[in-house]
Amino acid sequence: MANDQLNHRALPITIKRGIFLLLFYAKALDTYPFTCTFETNDHCFLIQDTSDDFDWTFPKTGDTDSSNTGPESAVAGEAYAYIETNWPRQDGDVAILSGVFSSPLVNPLCLTFAYHMYGNGIGTLNVSVKSETGTNIVSWSKSGNQGNLWYGEVIEIQSPALTSKIVFEGVTGKNRRGDIAIDNVTLSKGACALDQIPHRCTFEKNDQCFLRQETDDDFDWTVLKTSNTNTPNTGPQSAVEGEAYAYIETNWETSNGDVAILYRVFSPPLVNPLCLTFAYHMYGNGIGTLNVSVKSETGTNIVSWSKSGNQGNLWYGEVIEIQSPALTSKIVFEGVTGKNRRGDIAIDNVTLSKGACALDQIPHRCTFEKNDQCFLRQETDDDFDWTVLKTSNTNTPNTGPQSAVEGEAYAYIETNWETSNGDVAILYRVFSPPLVNPLCLTFAYHMYGNGIGTLNVFVKDETGANIVSWSKSGNQGNLWYGEVIEIQSPALTSKIVFQGVTGKNRRGDIAIDNVTLSKGACALDQIPHRCTFEKDDQCFLRQETDDDFDWTFPMTGKTSSADTGPNDGMEGTPYAYIQATDRRTCDVAVLSSERPTLVGQFCLNFAYNMNGRDMGKLNVFVRDETGLDVIKWSKSGNQGSTWFSVRMEIPSSVPSSSKRKIIFEGVTGEGVRSDAAVDNIILTPGTCEGTIWGEWSSWGSCSCGTGTRVKTRMCSITGANSVGCRLNPKPDNYTQQDYCNTTNCPEMNITSYQCTFEASDQCFLTQEPLDDFDWTFSQTDPLSVVEGSSYAYIETSSPTRCCDVAILSSHRITMAGSFCLTFAYLMYDNGIGSLNVFVKDENGTNIGGWSKSGDQDEVWHNVKINIAPSTTSSFHKVVFKGTKGPTPNGVTAIDNITLMEGLCVDGAWGLWKDWTTCSVTCGNGTKSRTRECAGLASNRILQCSGESNETDWCTQPECPVDEGWATWRTWSACAVVNTEVIRSRCRECTNSTPAHNGAPCPGESLQSEQCPDPIDTFKRKCRCRRRRVPVIKNYTKEELATAMEETKKALTVDKTKTSMSIRKKISAPDDRKSSAAMASVLAVVLLSIPVIFIVSIDMMNVRYFNGLNTKKKMSVRPNGNKVGNDIQSIEMQEKEISTDV
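Residues numbered from 1 in each chain as written. Predicted model: local features only at pLDDT ≥ 70, side-chain atom pairs only at ≥ 80, totals over all residues. Heavy atoms only, no water.

A.B. asks: For this particular structure, what's the right way to read the overall build of the chain?
C.D. replies: Each helix and strand in the chain was counted, giving three helices and 73 strands. A total of 1141 residues make up the chain; the buried ones form 52% of that total. Long-range contacts, defined here as pairs at least 24 residues apart, represent 77% of the contacts in the chain between residues at least 6 apart. For the chain, the accessible area works out to roughly 51800 Å², and carbon and sulfur atoms hold 48% of it. (Helix = DSSP H or I, 4+ residues; strand = E, 2+ residues; numbered from the N terminus. Buried < 20%, exposed > 50% of the residue type's maximum accessible area, 1.4 Å probe, protein only. Contact = heavy atoms within 4.5 Å. Areas by Shrake-Rupley, 256 points an atom, 1.4 Å probe, with all protein chains shown as cover.)

Spelled out as structure tokens, the structure:
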């Protein structure tokens, strides 16, 4: 046999017990694998001894021949070696496997092996390394039942002899249930390393557990438990993973305070540092204590960890770093029984590894499933505990989730009658030593109910200061949301806190799920970036708080308004929509990913439905961390009842800054039929598959300084079955914006910026490239500019549409501390939309703002805004957004915009200037006056509280009201008059009542003409009733007396003449007035005809008098210094007068 095939087998010799002489083939340790796996083709370096009582049995597969003893399978592979203790074996019989080495071996050596000692008749396993004299250089021994488990062992041989012999000696026990097995024997050169055997205990049957049962404790841990423990309402129902775990059984045989110990002693010293990880389960109202310690050779604790009391029906993961192991170290797991039998404590997945603890050495997650190793702990000094392992809806209706995000379980705070408003429940975890930098914390949360309080998430340093804080309050809808938080600089000792705060009533159940902490910066795929609006979906979009109203979701079926919105979701599933009922035109609802966190290239997919004749707009933006919209997609108007799909590819090369956010903006239209909907929003890293975008256009021109530039591209369908950017046969396009810096801007005042829109003005605002239309700069007078000759306004005529937006914005401005923004605006007429002014920090967060909508009168208004400094940045951006209203009527204009460091300084108003003349010459009009804000302020903007303009009503003399003719009556029949055939028609002066010196009806009341058909000779009388009311005039006393005398005479002679006489006299104008004359005339009339009258002496007003054939109304009022009276009105009712035509 060739030398490389030899098994270090001894030549035939005579061996006495305890004395040996061997001749052997030597083999260098570094040229041959010294192993024994006992597989069929294994070159085992151990051989059967001939001087023992019986032989080891190998290769053995499956379980041994005796029941309730021996392993069921090998550690790895299929085979192992064991001693069979059936008949004819007797107590104390010995079986030996040995290997002999000659020529000095390297120093030191490491021997590793696995052993299994299960059964109530187990004897002893001895392992020794002997010199050529038979002296033990190293010896190891284990006796008695060790449980149905494989254990791994490591023995370091510090000083091998010139000739050494390794011996595995199996000694039978008291009965046949004493089968001892070994496997995976390996001899290697060099000192033993920690990873030479798996230093773990999963307590599975074939696992090489490195822990041992202590012999001088009160009772033993129960290992290889594959289901729930023997006592109800305590212990786990299954292992963390696999089938088995270890636990202490606290039944009637144990007493309060009894101790069970699993341990392991390591010598020589282990590497520095070490990391110990394990999972534990402590559930039951009688739970005692679990202590974990690392002790030195003197018994002093190097590391100690302890947990007591009920921790809930959940597995928890723990990590302990051992900084300075002693020369001889002992790891101890000590279970202490509690006050009753519901105190079963379990452990699983114990692992000891070399090196400092890494974040991924245990799963830093909490899914709250039964077998999950949750890394969070219940706080003991809060008001109440989180409820974990909830598998259905919470106990209170109309609050909390109906199920977990995935799996079966989640954690929540139960806000029932036992809690009060503001009570706090905390889950936390402390990490020490320092974690890697950065870290990413992800979780899902659910906040549904009208009594929702607050969910706070903190990362604190060792002083308790917040490194990171996140908070959400109030009802967020019946939906799971996914959140991602990046922790840039963890402290030496970091604490993660989930704090649930109860709200105003019991409908305030807040839930969390799928909490994960991972090393490295947050990546796009760490939480699902999707919104399908399902109840269990982790939607990554949030309702904005500074918009006009919220999106409605989850919605199923038809919206509440007729003839608008989809009939159902994209795939018959829930969706989100904007409810236009009771909203104003151009109101905005925003869903966004809150903070810019997206890095690199990604693809945005979504579906939209814009069905309704009043449809407004749907805008989708990609906004960078400076507030710049780098990508925009927009659609306006009715698109029909179909759902359309869109793909937006967002290149990684777009922004100057690396992080971006997604924004969905719904804008209501001019009526209730404008319910726009979205669904299936999915964001994935990388490029969009199957798109056929056209080439980007060239970049547009760059504005000065740190400006912006824009380019566009078109997506078109080139084939009938093509899958394009939008999954329907219609073209689509979008724009892309970027920062640029090609030319320097003219030098500006370092403490102030302004825009007066004059030709020589260096305006700090520029047109926004991605809005719908631009502001117009004009020198035309809009009701007089504030000062100078120019201003800016939005042109709302065609082709702009309702709700289109024009934006003026600044570049990034550096401002330290507070600053003051002032401007003037004009918003006049019934077609006005809105004007919004924002100041944003570099994160795009609004730190100040102002808004106005609708008609604000035909006058310029001055505005001042004090802006508090941002807590996160020194860069600011000023935005003026004008929105077109429902009609093109009206003007929205701005002027005199100034931005200065420091707070706005208040001045003092000067005196009001004189009123302007009334805007009308008669009737009601307006008048105005102004005042100026004065004071002393160096390099500051003077502001006074209140308006600089004031408008008031003014009244002029009543406007004249003229008489008016009624329409002509029809022509009479033709008649012969003086040999001519003529026809006639008449009209009445009854169309209006004259007042305030109004003119009488002009022209005649009767009209005749030659008949167009002379044959018609029939005669007909034209009967017209003429009703005239004379105009008010002023008369002298003598004239009124004469007129009334004539009236008296005429009434008894000729009614027709009476009417004409009165009208003629009363209608004659004269400026002379006399109240005494008026009284004389009235006395004559009263003596002539019976009347009923009422005279007001103090006001000299004659209300009315009524005669047999005449009804009159009069009004008398003073005129100047004279006593004369005005006749306000006279109406005469005549009998019909027949006139022959």
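A.B. asks: What is the right way to read the nonpolar core from this model?
C.D. replies: General note: in soluble globular proteins, nonpolar side chains tend to be found buried as a group. Formed by 141 residues in total, the largest nonpolar core has its most connected members in F203 and F368. If you look at the next biggest cluster of nonpolar residues, it comprises 30 residues, including C755, A806, I832 and I865. (Core = buried A, V, L, I, M, F, W, Y, C linked by side-chain atoms within 4.5 Å.)

A.B. asks: How do you make sense of the state of the cysteines when you look at a structure like this?
C.D. replies: A covalent bond between the sulfur atoms of two cysteines is referred to as a disulfide. This structure, assessed with the given rule, holds 11 disulfides. Two residues share a disulfide in this structure: C918 and C954, whose sulfurs sit 1.9 Å from each other. Across the S-S bond linking C918 and C954, the dihedral sits near 80°, which makes this disulfide right-handed. Of this pair, C918 sits in the loop between β63 (908-909) and β64 (924-930) while C954 sits in strand β67 (residues 949-955), and the two are 36 residues apart along the sequence. This pair shows no difference in class: C918 is buried, exactly as C954 is. Here C974 connects covalently by a disulfide to C1011, the sulfurs 1.8 Å from one another. (Disulfide = S-S within 2.5 Å.)

A.B. asks: Explanation requested: the sheet that holds strand β2 (residues 47-48) in the structure shown.
C.D. replies: Strands pair in a sheet through their backbones, by hydrogen bonds, and they do so in one of two ways: parallel or antiparallel. The strand order β2-β5-β10-β7-β8 describes an open sheet built from five strands, whose pairing is antiparallel. The sheet terminates laterally at β2 and β8 (136-143), the two strands that pair on one side only. Direction of pairing for strand β7 (residues 124-130) relative to β8: antiparallel, over a ladder of seven bridges. Residue S128 lies in a different strand from β8, and its bridge partner there is S139. (Pairing = 2+ DSSP bridges.)

A.B. asks: Any chance you could explain the packing of aromatic side chains here in plain terms?
C.D. replies: Aromatic ring pairs: the centre-centre distance and the angle between the two ring planes describe each pair. Per the stated rule, a full pass over the model turns up 36 aromatic pairs. Relative to W150, the ring of Y80 lies with its centre 6.0 Å away and its plane at 75°, an arrangement referred to as edge-to-face. Remark: W150 occurs in strand β9 (residues 150-157) and Y80 occurs in strand β4 (residues 79-83); sequence separation between them is 70 residues. Given a relative accessible area of 0%, Y80 falls into the buried group. An aromatic cluster is present here, built from F113, Y115, W140, Y151 and F168 joined pairwise through their rings. The aromatic ring of W915 is capped on one face by K927, whose charged end is 4.9 Å from the ring centroid. (Phe/Tyr/Trp six-rings, centres within 6.5 Å; stacked < 30°, edge-to-face > 60°. Lys NZ or Arg CZ within 6 Å of the ring centre and 35° of its normal.)

A.B. asks: Please explain the pairing of strand β46 (residues 660-667) as it appears in this structure.
C.D. replies: Side-chain direction in a regular strand flips from residue to residue, so the side chains alternate between the two faces of the sheet. Most of β46 is tucked away: eight of the eight residues are buried. Residue alternation in β46 divides its side chains into two sets, R660, I662, F664 and G666 and K661, I663, E665 and V667, and both sets are buried. Judged from the five bridges that link them, strand β41 (residues 588-592) and β46 form a sheet pairing that is antiparallel. Bridge pairing in β46 places L591 opposite F664. As paired strands, strand β43 (residues 617-624) and β46 are joined by eight bridges and run antiparallel to one another. Bridging across to β46, D624 finds its partner in R660.

A.B. asks: What is the right way to look at the pairing of β7 in this model?
C.D. replies: Counting buried positions along β7 gives five out of seven residues, so the element sits mostly inside the fold. Counted along the chain from β7 to the antiparallel partner β8, the turn is five residues long, and its residue G134 has a positive phi close to 90°. Pairing of β7 with strand β10 (residues 164-171) involves seven bridges; the strand directions are antiparallel. Bridging across to β10, K130 finds its partner in K165.

A.B. asks: Can you walk me through the sheet that holds strand β69 (residues 980-986) in this structure?
C.D. replies: In spatial order, the strands read β68-β69-β70; together these three strands make up an open sheet with antiparallel pairing. Lying at the two open borders of the sheet, with one neighbouring strand each, are β68 (975-977) and β70 (1006-1010). Between one strand axis and the next, the sheet turns by 50° as a mean value, whatever way the strands run. Two elements, β69 and β70, share five bridges in a ladder whose sense is antiparallel. Bridging across to β70, I982 finds its partner in Q1010. (Axes fitted to C-alpha atoms, helices over the stretch in contact; angles between N-to-C directions.)

A.B. asks: Got a minute to help me understand unusual backbone geometry in this structure?
C.D. replies: Outside of glycine, negative phi angles account for most residues, and trans bonds account for most peptide bonds. A cis geometry characterises the amide bond from F58 onward to P59, with omega recorded as -10°. In this fold, P59 is placed in strand β3 (residues 57-61). Of the consecutive residues F553 and P554, the connecting peptide bond is found in the cis state with omega at -5°. Relative to the elements of secondary structure, P554 occurs in strand β39 (residues 552-555). Phi at C586 is positive, roughly 75°, even though this residue is not glycine. On the accessibility criterion, C586 (12% relative accessible area) is buried. If you check the backbone angles, C803 has positive phi at about 80° while not being a glycine. On the secondary structure map, C803 appears in the loop between β53 (791-794) and β54 (805-810). For C803, a relative accessible area of 2% translates into the label buried.

A.B. asks: I tried to follow the side chain of T394 on my own but got confused; where do I start?
C.D. replies: Within the secondary structure, T394 is located in the loop between β27 (387-390) and β28 (410-413). Overall, the relative accessible area of 4% leaves T394 in the buried class. Among the polar contacts made by the side chain of T394, one reaches the side chain of D509 at a distance of 2.8 Å. When near neighbours in sequence (up to four residues on either side) are disregarded, T394 contacts T399, G400, P401, Y410, Y412, E414 and D509. (Polar contact = N/O pair within 3.5 Å; in protein donor to acceptor, adjacent residues only side chain to side chain.)

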